[in-house]
Structures are given as structure tokens and as C-alpha cells.
Amino acid sequence: MRTLTVIRAAASSTPSDALVYFIPEDPQARDRLAKELVRLYRIPPTPVGQASFRGTEGEILLLFPAHPKIRRIILAGVGRIETVSAETFRRASSSAARLARSSQARTLVIAEPDATLLNGSTLHGTADPWETFAFAVAEGVLLGTYRYEKYISTRKTPEGDLRSLVALTQSASRKVSMTRGFSTARIVCEGTTLARDLANAPGNEIYPSTLAAHARRLARKAGFSVRIMNERDIRRLNMGGLLAVSQGSARPPRFIVLEHNRQAGRKGRIALVGKGVTFDSGGISIKPSAGMAEMKMDMAGAAAVLATVYTAARLKIPVHLIGLIPATENLPGGKALKPGDIVRHLTGLTSEVDNTDAEGRLILADALGYGTRYKPDLMIDLATLTGACVVALGHEATGMMGNCPSFMSRLQESGETTYERVWPLPLFKEYERLIKSDIADLKNVGGRWAGAITAAVFLKKFVGDTSWIHLDIAGPAIMEEPFEYIPKGASGVGVRVLIDFLRNWKKG
Ligand code: BES
Ligand code: MN
Ligand code: ZN
């Protein structure tokens, strides 16, 4: 999408490739709109006036009006007014944008919704309902039309591309609000699509050194600082977990340190840690081949952290933000880590490796230990850590565990707002015995039960008394099927929820 603009004009006088009306499931609103459509565009009343278009959520209809300036009209149902939320507009806009694109439209124009729609909806409670509305519409359009097509040399579908999104309004103050919504949403969605691009990229394109090169490139673009540690530096830091996981691979590891706004520490300092396993074969405890290709996305946490720092820098969010990415492959080479090996982490704790496929926690342990040195107000890690978390929550929610209930409930709140939902799982101390080892401080697997939790209990041993939240994104990060505005493959999950959380950050 090249341009997002808000124009003060009436729908009927604006040339439109595809004009979108959001229609609630409300007889009065529907009748009003039906009359207007007949008056302006001579669309017979049957589609909207009768039972054939009811305005239920998810309903969508493409019409070709007899009008010199308006080529297509899209009716997008949003359901009952009281239940309309930002998520409703994301989904409806995504469907509308895709329908417009598949019918060769280049420009998507959003007709100003009736004020009764926003006023009666849940957007009414937000700081600026019109900004919220525009933000959600832009999210739906930008995220819903995303495609990963870098390696597609001949596109099979004859679809074109949507080039611009235009919102119409009659009011000057709404124009200001909506313009603000559009410009913030654009930056945030570019963060999400960046994370998608990085995670969708194949393992022969993204590996530790190329991931580090992306970090450098983005740092230069947005003006944050970056430091890349190579294998020697990693050894000097005593990051035994990261070294151990990387030793089966011909490609050396990297430890990537990002920093935005170092001088803003007194307004709050937050460290983000992202699991950067650029391919997880399982190592010697090798995975079955079916579905192994998905494990090129085992750096989705790293992608989210990199994209979040990039986005925070572009939005100039006034907190000191640190991004830490342990990056490695997990391969079963001749020098690979073996079951039974014991590694010593940066903090001095040792772990017995019972399964080389539980590699994420081994590298995160070092990164979390490193993160505590910054004395952050809060540390959040994002990791495609366990299949068990996918079993527990599916692709619809991120598992959240941690030691700081009030930060956790604020993050959960941001999860609801952005619909990148996070859901708490407990860290009862009784789980700790499951990762006890006879010959080391810890064991890297906890047995059959509570796999998402025992992984988090392992991580907890490395954060000391730092406030910490662990997000197991294994489910939502990797989509087996498209869902609404999330395509199949990498979802870019994490960026929107974290940015919302950081924008609402208040120390204390
Ligand atoms: N990267 C995987 C977890 C994963 C699985 C992410 C499916 C996304 C989708 C992780 O490194 C892993 O292999 N975990 C093991 C842990 C087990 C050996 C204790 C798992 O979940 O099976
Ligand atoms: Mn693994
Ligand atoms: Zn993994």
C-alpha cells in the first residue's frame, strides 16, 4: 500500500475504484443506507433493503453501481452495533480489501460510517473513537493484503495490488483523528509485516549472520543502536547454552543487542528477549521430517523483538528499550550437542541436556541472564518455545507466564486491545521438581506433562528478582491456515501487542 489518506469529501462526489460501506445488523441503519444507495447510485433496494444483506458480521457483497464516478461498492457487515469493536473493523476491512483486490481495484475508499455506529459500539469507550476506527481499518487492510512473494517469479493469480487507502469524512476534527490513526497504524503494521517477512524467509536466507545483518540495516534506518557479538564474544560471555546449541551447525551463532533511547531510562527500561533459532531440526534428538520445514520460523520471537524495537524507534516511544536476540541453528552435525551433555550458562547455573530439541530454553537462559545486567523495570521474552503450548491454547492465544502479576494484567489488556491475545498459565513452585537433575542444577526437559510450564520454570531460574514475563508464541506465530487478516505462515505476532503495551507504559 503506497498511500493512506483521509479526505474531507462526500462519498458520492469522490471518484472511487471501490467504495466500502460498513453496515450494522440494525434495521433502521440498514434502511437509511438502502435509501441512500438508491438515491446516490441507483442500486435497487433488494440487496440491502431486504433479507439478502443483513449486515451480520463477516457478510460481504460487491456491487457495480450505475454511477459515473463509483466503479464498485462493497458492503461489509459488522453485526450488532453494541458488539462492534476494533476487531470487527479489522476483519471487515481485511475482507473488503481482499475482495477489492481480487476484482482488480487499485484504490479502496472507506465511506464515513454513520456516527451512531461508532457511538453505539465499544469504540465509544476509547480515548478517540475515530482514531481507533481508522487505526483498525488500516490494520485490516495492511495486514489482510500481505503476501510473502519474494520467491514467486510468476504470480499465478491475475490479481493486482491495492495501491491506496482513502478514508472519507465530512468533519475537520475527525479528519485529524483519523489521519493520526492511519499514520500510527501504518508504522505498526510495517513492523508486523517486517516480522512476517523475516519469519517466512527460508532457512538458507535467514541464519544467524544474516539476521544480524538485518538488525544492522534496520538500526541504521530507524536510528537505534546495535551491537553484534560473534562466536568469540559469546564464548567470552560464558553463554554456554547458546554455544552448545550452535555447535552442531557449520554456521556460527550471533548474539544481537539492540538499544533504543538509552537516555530515557528514568522513564522506564524494558528488555525484550527473542528466541532466534533460525532453523530447529531438533539436533541429535531429531524431529520427524513431516512438518520440520515449519521450523524455519523458530526465530519468530527474534523477528518480533527486532521489529518491535524498530517500530518503537520509528514511533519515538519514550522508554529505554533493549532487544536481545540469541541467534543460532539447531542442527545434528558431527560436533553437535548430545543428550546427556551438561552445559554451564552465563549465570553459572548448569543444565543437563536430556533432549537437544529443547534448545530454546538453553539459549534464552543465557540471554535472560544477560538481560538482568541492565536492571530493567521489566523483561519480556518471546519464544516459539513448546509444542505443548500449541496443544494448550492453539493458534488463538499466546501463553503468558511470569513473576509480576500487575505487568501481566496490563499486557493481557494490550492483548485484548490488539487482539494478539495472551493468556496466563501458572508457575506453581510444585512444577520445579519436574526439571530437577541428579547431576546438574537443572534438566532441560520436564517430562510429558505441563510442557509449556516446565519450560517457563526453567527460564525463571535465570531472571533472579527481575520482573519478567515469558510469552510462548509457538501457536499464534505459525499459522497452518489463514485466519481473517492473518495469512498462512508467519503471523508477525508480538509486535502489535508489545507496541500497544509500550505506548501505554507508565513507570510504577
Ligand atoms: N521450536 C520447538 C517448539 C515448537 C513446536 C514451536 C511446534 C512451534 C511449533 C521447540 O524447540 C521444541 O522442539 N520443543 C520441544 C520441547 C520438548 C523436547 C521438551 C517440544 O515442544 O516438543
Ligand atoms: Mn526444538
Ligand atoms: Zn525450537
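This part takes up the packing of aromatic side chains. The full count for this structure, using the stated rule, is twelve aromatic pairs. Aromatic pair Phe-22 and Phe-89: ring centres 5.2 Å apart, planes at 75°, arrangement edge-to-face. Taken as a pair, Phe-22 in strand E2 (residues 18-24) and Phe-89 in helix H3 (residues 86-102) lie far apart in primary sequence, 67 residues in all. By relative accessible area, which is 0% here, Phe-89 ends up buried. The ring of Tyr-207 carries Arg-251 above its face, with NZ or CZ at 3.8 Å from the centroid.

The next point concerns the environment of Asp-17. Within the secondary structure layout, Asp-17 lies in the loop between strand E1 (3-8) and E2. The exposure class of Asp-17 is buried, given its relative accessible area of 13%. For the pair Asp-17 and Thr-107, spaced 90 residues apart in sequence, the C-alpha separation works out to 5.5 Å. Setting aside residues up to four positions removed in sequence, Asp-17 forms contacts with Arg-71, Arg-72, Ala-105, Arg-106 and Thr-107.

With that settled, the discussion passes to the coordination of the manganese ion (ligand 2). Around the manganese ion (ligand 2), the protein contributes the donor atoms Asp-280 (OD), Asp-357 (O), Asp-357 (OD) and Glu-359 (OE), at 2.1 to 2.2 Å from the metal centre. Separating the manganese ion (ligand 2) from the zinc ion (ligand 3) is a gap of 3.1 Å, bridged by Asp-280, which donates to each. For Glu-359, a relative accessible area of 1% puts it in the buried group.

For the zinc ion (ligand 3), the protein coordination sphere consists of Lys-275 (NZ), Asp-280 (OD), Asp-298 (OD) and Glu-359 (OE), at 2.0 to 2.4 Å. Classification of the site at the zinc ion (ligand 3) as octahedral follows from its six donor atoms and the range of 78 to 175° in their angles at the metal. Site description for the zinc ion (ligand 3): donor spacing in sequence, K-x4-D-x17-D-x60-E.

Remark: a regular strand shows side chains that alternate across the two faces of the sheet. Pairing of E2 with strand E5 (residues 107-110) involves three bridges; the strand directions are parallel. Looking at the pairing, Leu-19 lines up with Val-109 of E5. By the bridge criterion, four bridges tie E5 to strand E6 (residues 164-169) in an arrangement that is parallel. Bridged to Val-109 within E6 is Val-166.

Turning our attention to the sheet that holds strand E12 (residues 342-344). The mixed open sheet is built from three strands, whose spatial order is E12-E13-E17. The outermost strands of the open sheet, each flanked by one partner alone, are E12 and strand E17 (442-443). The sheet contact formed by strand E13 (residues 350-352) and E17 spans two bridges and is parallel. For Ser-351, the partnering residue across the bridge sits in E17 and is Leu-442.

So, about the packing of helix H11 (residues 360-372) against helix H14 (residues 451-460). Axis separation between H11 and H14 bottoms out at 9 Å; the angle between their running directions is 30°. Where H11 crosses over H14, the handedness of that crossing is right-handed. In contact with Arg-361, Leu-362, Leu-364, Ala-365 and Leu-368 of H11, H14 contributes Ala-455, Phe-458 and Leu-459.

Domain annotation for the protein reports domain 1 (3-169) and domain 2 (195-507). Taking only C-alpha atoms into account, the centre of domain 1 sits 38 Å from that of domain 2. Facing the 15 residues of domain 1 at the interface are 16 residues of domain 2. Both sides together, the interface formed by domain 1 and domain 2 hides about 1400 Å², and carbon and sulfur atoms give 50% of it. If you sort the residues of domain 1 by the area they bury against domain 2, Arg-91, Leu-143 and Tyr-146 come out on top, with a joint share of 41%. Where domain 1 touches domain 2, the interface holds two salt bridges. Close ionic contact of Glu-205 with Lys-150 constitutes a salt bridge, the shortest N to O distance being 2.8 Å. Run the count over domain 1 and domain 2 and you get nine residue pairs in polar contact (both at pLDDT 80 or more). No other element matches helix H5 (residues 129-144), which puts six residues into the side of domain 1 that touches domain 2. Among the residues making up the side of domain 1 that touches domain 2, the classes are represented as five nonpolar, three polar and seven charged.

Conventions adopted
For every chain, the first residue of the written sequence is number 1, and numbering continues from 1 onward in sequence order. The lettering of chains begins at A and the numbering of ligands begins at 1, in the order of writing. With the structure being a predicted model, the display of local features is reserved for residues of pLDDT at least 70 and the display and counting of side-chain atom pairs for 80 or more, all residues being used for whole-chain, interface and lining totals. By convention in this description, side-chain values take in all heavy atoms of the structure and omit both hydrogens and water. Aromatic rings from Phe, Tyr and Trp, with only the six-membered ring used for Trp, were paired whenever their centres fell within 6.5 Å, and each pair was classed as stacked if the ring planes differed by under 30 degrees, edge-to-face if by over 60, and tilted otherwise. Secondary structure elements are defined from DSSP: runs of H or I of at least 4 residues count as helices, runs of E of at least 2 residues count as strands, and each element is numbered from the N terminus. When a residue's accessible area, from a 1.4 Å probe over protein chains only, is under 20% of the maximum for its type it is buried; when over 50% it is exposed; and in between it is partly exposed. We count a charge as sitting over a ring when the NZ of a lysine or the CZ of an arginine lies within 6 Å of the ring centre and within 35 degrees of the ring normal. Residues count as neighbours in contact if any of their non-hydrogen atoms are within 4.5 Å of one another. Distances up to 2.8 Å from the metal define which N, O and S atoms are donors, and 3.2 Å serves for Na, K and Ca; water is absent from the atom set, so sites may look incomplete. Site shape is set this way: if four donors have all angles between 85 and 135 degrees, tetrahedral; if opposite donors are over 155 degrees apart and all others between 65 and 115, square planar for four donors and octahedral for six; otherwise irregular. A pair of strands counts as paired when DSSP detects no fewer than two bridges linking them. Geometry is summarised by axes, namely lines fitted to C-alpha atoms with helices restricted to the contacting stretch, and by angles between N-to-C directions that run from 0 to 180 degrees. We call a crossing left-handed when the near helix sits turned anticlockwise from the far one by less than a right angle, and right-handed when that turn is clockwise. Source of the domain bounds: an automatic or database domain assignment. As used here, buried area is the combined drop in accessible area, with a 1.4 Å probe, of two parts when they are placed together. A carboxyl oxygen of Asp or Glu within 4 Å of a side-chain nitrogen of Lys or Arg is what we treat as a salt bridge. Contacts described as polar in this section are N or O atom pairs within 3.5 Å, which, within protein, must combine one atom able to donate a hydrogen with one able to accept it, while residues neighboring in sequence count only if both atoms come from side chains. Only Asp, Glu, Lys and Arg are considered charged, only Ala, Val, Leu, Ile, Met, Phe, Trp, Tyr, Cys and Pro nonpolar, and every remaining residue, Gly among them, polar.

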